[in-house]
Amino acid sequence: MQRIRLRYTKRGRLRFTSHRDFQRAFERALRRAEVPMAYSAGFTPHPKVSYANAAPTGVGSEAEYLEIALTAQRDPEKLRALLDESLPAGLDIIDAVEVRTSGLADRLTASVWELRLEGVTVAAAEKAVATFLAAETVEVQRKTKNGMRTFDTRGAVAELLALAPQADRPLDDACAILRLVVRHLTPAVRPDDVLSGLQAVADLAPPVPAAVTRLAQGLFDEESGTVTDPLAPDREAAPAAPQTAAGTVSATAPEGPAA
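Worth saying up front: this structure is predicted, and the values here are computed from it rather than measured. (Residues numbered from 1 in each chain as written. Predicted model: local features only at pLDDT ≥ 70, side-chain atom pairs only at ≥ 80, totals over all residues. Heavy atoms only, no water.)

**Student:** I tried to follow the packing of aromatic side chains on my own but got confused; where do I start?
**Tutor:** The relative placement of two aromatic rings is captured by the distance of their centres and the angle of their planes. The full count for this structure, using the stated rule, is three aromatic pairs. On the numbers, 4.1 Å between centres and 5° between planes, the contact of Tyr-8 with Phe-22 is stacked. A residue pair is termed long-range when its members are at least 10 positions apart, and Tyr-8 in strand E1 (residues 2–10) and Phe-22 in helix H1 (residues 19–32) qualify at 14 residues. Across the pair, Phe-22 and Tyr-8 agree in class, each one buried. On the numbers, 5.8 Å between centres and 15° between planes, the contact of Phe-22 with Phe-26 is stacked. In this pair, Phe-22 and Phe-26 are both assigned in helix H1, four residues apart and thus about one turn of the helix distant. Take Phe-22 and Phe-26: they sit in the same class, and that class is buried. Ring pairing ties together the aromatic residues Tyr-8, Phe-22, Phe-26 and Tyr-51, which thus form one cluster. (Phe/Tyr/Trp six-rings, centres within 6.5 Å; stacked < 30°, edge-to-face > 60°. Helix = DSSP H or I, 4+ residues; strand = E, 2+ residues; numbered from the N terminus. Buried < 20%, exposed > 50% of the residue type's maximum accessible area, 1.4 Å probe, protein only.)

Here you go:
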């Protein structure tokens, strides 16, 4: 059995697809691409697909991950291209590696988010961010399946910056960009929870809903404050390509006499 890990996106209007919607679309893509899937046992066999930390409905993402199990060997890049062609534009398979290490879910310990706040000036966003970061705790409430729950958002935030949008926007068009790095804790703190926290401590309330995109997720490096690529260990564990005979000869043969 071969296992492949894939990175995929949710872009444009496809950010409104739920996780269940994506599951159905991906299983159809597996059939279209004629992928030799391994199936679970039992009365209702299902293709062996493992999803990791999917983004909420309505949120865009450049870094969603899943793992599939195959009954026959396939080249990861060719498989990626076939699956990408079989999915609608916006649900794009952008990376694939063969599984050579364990614990993908354990390497998804933080996410990098971009929050686009239309109608909010950069100055107002910077002031709100400073107030949020200066607080020891920022409690918010969210309704869950077990009822209303109160939890701290400040402890999960590793980085929060207010930035100006691209320079091609009109100067009088208010818009601020928040760059947010959130650790994956329990309970999970989502970007909308951080926005609720900003409103609670600094009265920051965008006039329209924020456009939220996950830019990356992976292992959080405490020293550098960066989020690393979770597929990198599998690439690094791949065996080196065998050296060709011609390459060996050219590397070891002595130089001939000068002409």
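Still to come is the rest of the account.
**Student:** Explain the environment of Arg-5 here, please?
**Tutor:** Note that Arg-5 resides in strand E1. Taking relative accessible area as the criterion, Arg-5 reaches 2% and is therefore assigned buried. Between the C-alpha atoms of Arg-5 and His-184, which are 179 residues apart in sequence, the distance is 20 Å. At 2.8 Å, the side chain of Arg-5 forms a polar contact with the side chain of Glu-67. (Polar contact = N/O pair within 3.5 Å; in protein donor to acceptor, adjacent residues only side chain to side chain.)

**Student:** Would you mind showing me how to read the packing of helix H3 (residues 122–134) against helix H4 (residues 191–202) here?
**Tutor:** Angle between the axes and distance between the axes: these two values describe a pair of packed helices. For the pair H3 and H4, interaxial distance at closest approach is 9 Å and the crossing angle is 90°. It follows from the interaxial angle that H3 and H4 lie roughly perpendicular. Along the contact surface, H3 presents Ala-128, Val-129, Thr-131 and Phe-132, while H4 presents Val-194, Gly-197, Leu-198, Val-201 and Ala-202. Across the contact of H3 with H4, the residue classes break down as seven nonpolar, two polar and no charged. (Axes fitted to C-alpha atoms, helices over the stretch in contact; angles between N-to-C directions. Parallel < 35°, antiparallel > 145°, perpendicular 65-115°, else oblique. Contact = heavy atoms within 4.5 Å. Nonpolar A, V, L, I, M, F, W, Y, C, P; charged D, E, K, R; others polar.)

**Student:** What is the right way to look at the side chain of Asp-193 in this model?
**Tutor:** Summarising the element assignment, Asp-193 is placed in helix H4. What Asp-193 contacts, discounting residues up to four positions off in sequence, is Val-140, Arg-142, Phe-151, Thr-153 and Ala-188.

**Student:** Even after reading the chapter, I still don't get the pairing of strand E5 (residues 110–118), so can you show me in this structure?
**Tutor:** Note on strand geometry: in a regular strand, side chains alternate between the two faces of the sheet. Both E5 and strand E9 (residues 175–183) contribute to a ladder of nine bridges, which runs antiparallel. Residue Leu-117 lies in a different strand from E9, and its bridge partner there is Ala-176. In this structure, E5 lies alongside strand E10 (residues 211–221), joined through seven bridges in antiparallel fashion. Bridge pairing links Leu-115 to Val-212 in E10. (Pairing = 2+ DSSP bridges.)

**Student:** Where do I start with the side chain of Arg-80 in this structure?
**Tutor:** Of note, Arg-80 is situated in helix H2 (residues 76–86). Residue contacts for Arg-80: discarding those within four places in its chain leaves Ile-93, Ile-94, Asp-95 and Ala-96.

**Student:** Before we go on, may I ask you to explain the environment of Arg-80 in this structure?
**Tutor:** When its relative accessible area of 16% is taken as the criterion, Arg-80 is described as buried. The spacing of Arg-80 and Ser-102 is 22 residues in sequence and 21 Å in space, taken between C-alpha atoms.

**Student:** Looking at this structure, how should I read unusual backbone geometry?
**Tutor:** When glycine is set aside, most residues are seen to have a negative phi, and most peptide bonds are trans. Looking along the chain, the bond that leaves Thr-186 and enters Pro-187 is cis, with omega of 0°. With respect to the helices and strands, Pro-187 occurs in the loop between E9 and H4. Positioned with a positive phi, Asp-203 is a non-glycine residue whose angle comes to about 60°. Turning to its location among the elements, Asp-203 is positioned in the loop between H4 and E10.

**Student:** Would you mind going over the nonpolar core with me for this structure?
**Tutor:** Soluble, globular proteins show a tendency: their nonpolar side chains are buried together. In this structure, Leu-115, Leu-160, Leu-178, Leu-180, Val-194 and Leu-198 are the most contacted members of the largest nonpolar core, which totals 27 residues. Contributions of two or more residues to this core are made by E5, H3, strand E8 (157–163), E9 and H4. Those residues in contact with Leu-160, other than ones at most four positions away along the chain, are Val-129, Phe-132, Leu-133, Leu-178, Arg-179, Leu-180, Val-194 and Leu-198. Counting residues in each nonpolar core, the second largest holds 21 residues, with Phe-26, Ile-68, Leu-70 and Leu-87 among its members. (Core = buried A, V, L, I, M, F, W, Y, C linked by side-chain atoms within 4.5 Å.)

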